[in-house]
Amino acid sequence: MAKPVIAIVGRPNVGKSTIFNRIVGDRISIVEDVSGVTRDRIYAPAEWLGKEFSVIDTGGIDIGDEPFLEQIKQQAEIAIEEADVIIFITSVRERLTDADEQVAQMLYRSNKPVLLAVNKVDNPEMRTDIFDFYALGLGEPYPVSGSHGLGLGDLLDKAISYFPSEQEADEDESIIKFSFIGRPNVGKSSLINALLGEERVIVSNVAGTTRDAIDTSFTAASGSEFVMIDTAGIRKKGKVYENTEKYSVLRALRAIERSDVVVMVLNAEEGIREQDKKVAGYAHEAGKGVIILVNKWDAIEKDTNTLKKFEEDIRHEFAYLSYAPILFVSALTKQRLNQLPALIEKVSRNQKLRIQSSTLNEVILDAVAMNPTPTDKGRRLKIYYTTQVAIKPPTFVVFVNDPELMHFSYARYLENRIRDTFDFEGTPIRVVTRKRK
Ligand code: GDP
Ligand code: GDP
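Residues numbered from 1 in each chain as written. Chains lettered and ligands numbered in written order. Predicted model: local features only at pLDDT ≥ 70, side-chain atom pairs only at ≥ 80, totals over all residues. Heavy atoms only, no water.

### Brief notes about the overall build of the chain
Helix and strand counts for the chain stand at twelve helices and 18 strands. The burial tally for the chain puts 49% of its 437 residues in the buried class. Counting only contacts in the chain whose residues sit at least 6 apart along the sequence, the fraction spanning at least 24 positions is 72%. Within the structure as shown, the chain displays about 21,100 Å² of accessible surface, and the carbon and sulfur contribution to it stands at 48%. (Helix = DSSP H or I, 4+ residues; strand = E, 2+ residues; numbered from the N terminus. Buried < 20%, exposed > 50% of the residue type's maximum accessible area, 1.4 Å probe, protein only. Contact = heavy atoms within 4.5 Å. Areas by Shrake-Rupley, 256 points an atom, 1.4 Å probe, with all protein chains shown as cover.)

What follows is the structure in structure tokens.
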């Protein structure tokens, strides 16, 4: 199930990003550490009272050279399109403005639940100043203070009460969900058409809810069922904001979240760009299966070294994706494209692989025999037992005497031993160290 989405809207300087950061908290990103990728703070996972959701700060989506009011309106439109619940932020210090009223009207007509927050209510005395905001017609205003972290609990309590109920349709685990992710013009639409145009693929649209309406179901020659998750903007181009980079990144992140396997599409003619790394990093962190597809392979001059050189560049630029298979294809000539469904299937299978504890512990024991555990200040790391606790991605817990003694490089070594023994191609795996109780 896709996680519910809360979108934050409002004119500049009311405190949207302050409140976004409060809600999201300080999550440490593995990929930022590893690869120096900095993440735009426009979309992030969050949690309140055990409910997981995503938050969008629409204020971070800059829409070209449009005039100020037009930008806010388009941001509001994005919120209406993407969100389950909208938090509309105003500021008690600047009072009501025309822009507030115009946005309020759009939200009012949207049929989405809208919560009106009045920010910068930094002390209780200021609470009486919020009554003017009833005039917006969006119900009771919530006084909050982003910088002091006040009132956000009540706001979130209310927001999560609007989330769709969770027991909606049990999803069929055997259906493989995947998406093509990549910058504009890398050839995503062409790949989709080439894949669906294959004679042996049976297309059988389409999932029920509005949000999923652009997804495509099909059955491959192997008999396996797939759902291709479309990032709007591939099929449905048009609105001004859909061409902005930040919005396309946002759509990509949303599609990744709903996918089991992410097919990261690169353009052989252009090589690797920053945005590719950012998006791939997100897929990695989210624990998704990843395949790297180099498209337009027909369009470049090749000699015997071209493929090897390209592969080396990819391995260098996406160092944390060392497990991802790389396929060089052409949507135009269909070169090697017929290998893709089987590869997606394989990666999906590897994501769900479960290793028996007895086998796993033999592997770890062998690994330790070959390369003894590290010591620190005369104390040696002792590994008692290892067990797999999750799939998608496969996650292993190593029980030890003292987790502090597990050096990063040793954890990496164990991960590599696990990878050498079992086929986890295409999927990240996680190795977590815990103290044995
Ligand atoms: P955005 O443009 O809507 O994302 O607004 P920002 O989050 O960047 O905040 C704009 C300014 O308002 C910054 O200087 C913040 O420090 C300030 N600000 C944000 N929240 C509060 C608040 O609760 N009280 C006060 N006094 N200032 C705030
Ligand atoms: P999208 O924006 O990622 O969906 O990219 P499109 O599928 O719209 O393709 C962008 C352009 O690249 C179009 O002009 C396509 O005809 C062209 N294109 C796509 N795939 C290939 C390919 O494999 N080889 C060549 N030479 N051109 C391609």
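### What about the pairing of strand 16 (residues 383-390)?
In this sheet, strand 17 (residues 395-400) lies alongside strand 16 in antiparallel orientation, the contact comprising six bridges. The residue of strand 17 that forms the bridge with Q388 is F396. A loop of four residues connects strand 16 with strand 17, the two strands running antiparallel in sequence, and K392 in this loop sits at a positive phi of about 50°. (Pairing = 2+ DSSP bridges.)

### A short note on the domain arrangement of the chain
Interface size is commonly expressed as the accessible surface area that is lost when the partners come together. Here the chain is partitioned into domain 1 (5-160), domain 2 (176-351) and domain 3 (357-435). Listed by partner, the interface residues are 15 residues for domain 2 and twelve residues for domain 3. Taken together, both faces of the contact between domain 2 and domain 3 bury some 1,100 Å²; the carbon and sulfur share is 46%. Together, Y323, N350 and Q351 form the three largest contributors to the area buried by domain 2 at its contact with domain 3, with a combined 55%. Where domain 2 touches domain 3, the interface holds three salt bridges. Across the contact surface, domain 2 and domain 3 share ten residue pairs in polar contact (both at pLDDT 80 or more). (Domains from an automatic or database assignment. Buried area = accessible area lost by both parts, 1.4 Å probe. Salt bridge = Lys/Arg side-chain N within 4 Å of Asp/Glu carboxyl O. Polar contact = N/O pair within 3.5 Å; in protein donor to acceptor, adjacent residues only side chain to side chain.)

### With respect to the sheet that holds strand 2 (residues 43-48)
Neighbouring strands of a sheet are bound in pairs by backbone hydrogen bonds; such pairs are parallel or else antiparallel. With mixed pairing, six strands are arranged side by side in an open sheet as 2-3-1-4-5-6. One side of each edge strand has no neighbouring strand; the edge strands of this open sheet are strand 2 and strand 6 (142-143). With six bridges connecting them, strand 4 (residues 85-91) and strand 5 (residues 114-119) associate as parallel partners. Looking at the pairing, S91 lines up with N119 of strand 5. Lying on the sheet, helix 7 (residues 245-258) is in contact with strand 1 (5-9), strand 2 and strand 3 (51-57); it crosses strand 2 at an angle near 50°. (Axes fitted to C-alpha atoms, helices over the stretch in contact; angles between N-to-C directions.)

### A closer look at the packing of aromatic side chains
Summed over the entire model, instances satisfying the criterion amount to 13 aromatic pairs. Taking the centre distance of 5.9 Å and the plane angle of 90° together, the rings of F178 and F226 count as edge-to-face. Linking F178 in strand 7 (residues 176-181) with F226 in strand 10 (residues 225-228), this pair joins segments that are 48 residues apart in sequence. Comparing F178 with F226 shows no difference in burial state: the two are buried. An aromatic cluster of at least three residues, connected via ring pairs, comprises F178, F180, F218 and F226. Over the aromatic face of Y384 sits the side chain of R436, whose NZ or CZ is 3.7 Å from the ring centroid. (Phe/Tyr/Trp six-rings, centres within 6.5 Å; stacked < 30°, edge-to-face > 60°. Lys NZ or Arg CZ within 6 Å of the ring centre and 35° of its normal.)

### Here's the deal with the sheet that holds strand 16
Taken in spatial order, the three strands of this open sheet run 16-17-18, and their pairing is mixed. The sheet is open, and its two borders are formed by strand 16 and strand 18 (430-435), each paired with just one other strand. Looking at each pair of strands side by side, their axes are set apart by 25° on average, direction ignored.

### Here we look at the site of ligand 2
In the region of ligand 2, 16 residues are neighbours, and N185, K188, S189, S190 and D298 sit closest. One of the backbone nitrogen or oxygen atoms of V186 is found 3.4 Å away from an oxygen atom of ligand 2. Within the side chain of N295, an N or O atom sits 3.2 Å from an oxygen atom of ligand 2. Within the complex, the protein chains bury 73% of what would otherwise be the 570 Å² of accessible surface of ligand 2. Sorting elements by how many residues they give to the shell around ligand 2 places helix 6 (residues 188-197) first, with three residues. For the shell around ligand 2, the class distribution of residues is five nonpolar, six polar and five charged. (Near = heavy atom within 4 Å. Nonpolar A, V, L, I, M, F, W, Y, C, P; charged D, E, K, R; others polar.)

### Comments concerning the nonpolar core
Formed by 62 residues in total, the largest nonpolar core has its most connected members in F88, I292 and L321. Here this core gets seven residues from one element, more than from any other, and that element is helix 7. Here this core gathers at least three residues from each of two domains, domain 1 (5-160) and domain 2 (176-351). Non-local contacts of I292, meaning those with residues more than four positions away in its chain, are made with M264, L266, I314, F318, L321, A324, P325, I326 and L327. Ranked by size, the runner-up nonpolar core spans 26 residues in total, among them L191, L293, L337 and I344. (Core = buried A, V, L, I, M, F, W, Y, C linked by side-chain atoms within 4.5 Å.)

### A closer look at the side chain of S145
Along the polypeptide, S145 turns up in the loop between strand 6 and helix 5 (152-161). In this structure S145 comes out as buried when scored by relative accessible area, which is 0%. A polar contact is formed between the side chain of S145 and the side chain of D122, at a distance of 2.8 Å. Among the polar contacts listed, one links the side chain of S145 to the side chain of H148, at a separation of 3.0 Å. Those residues within four positions of S145 in sequence are excluded, and the remaining contacts are N119, K120, V121, D122 and L150.

### A few points about helix 9 (residues 306-317)
For helix 9, which comprises twelve residues, the first-to-last C-alpha distance of 17 Å matches the rise-based estimate of 16 Å (1.5 Å per residue) to within 8%. Buried residues of helix 9: T306, F310 and I314, and no others. The buried residues of helix 9 occupy an angular sector of 70° when the element is viewed end-on, so they sit on one face. In helix 9, the exposed residues that point more than 90 degrees away from the buried face are K308 and H316. (Expected span 1.5 Å × (residues − 1). Arc of directions from axis to C-beta.)

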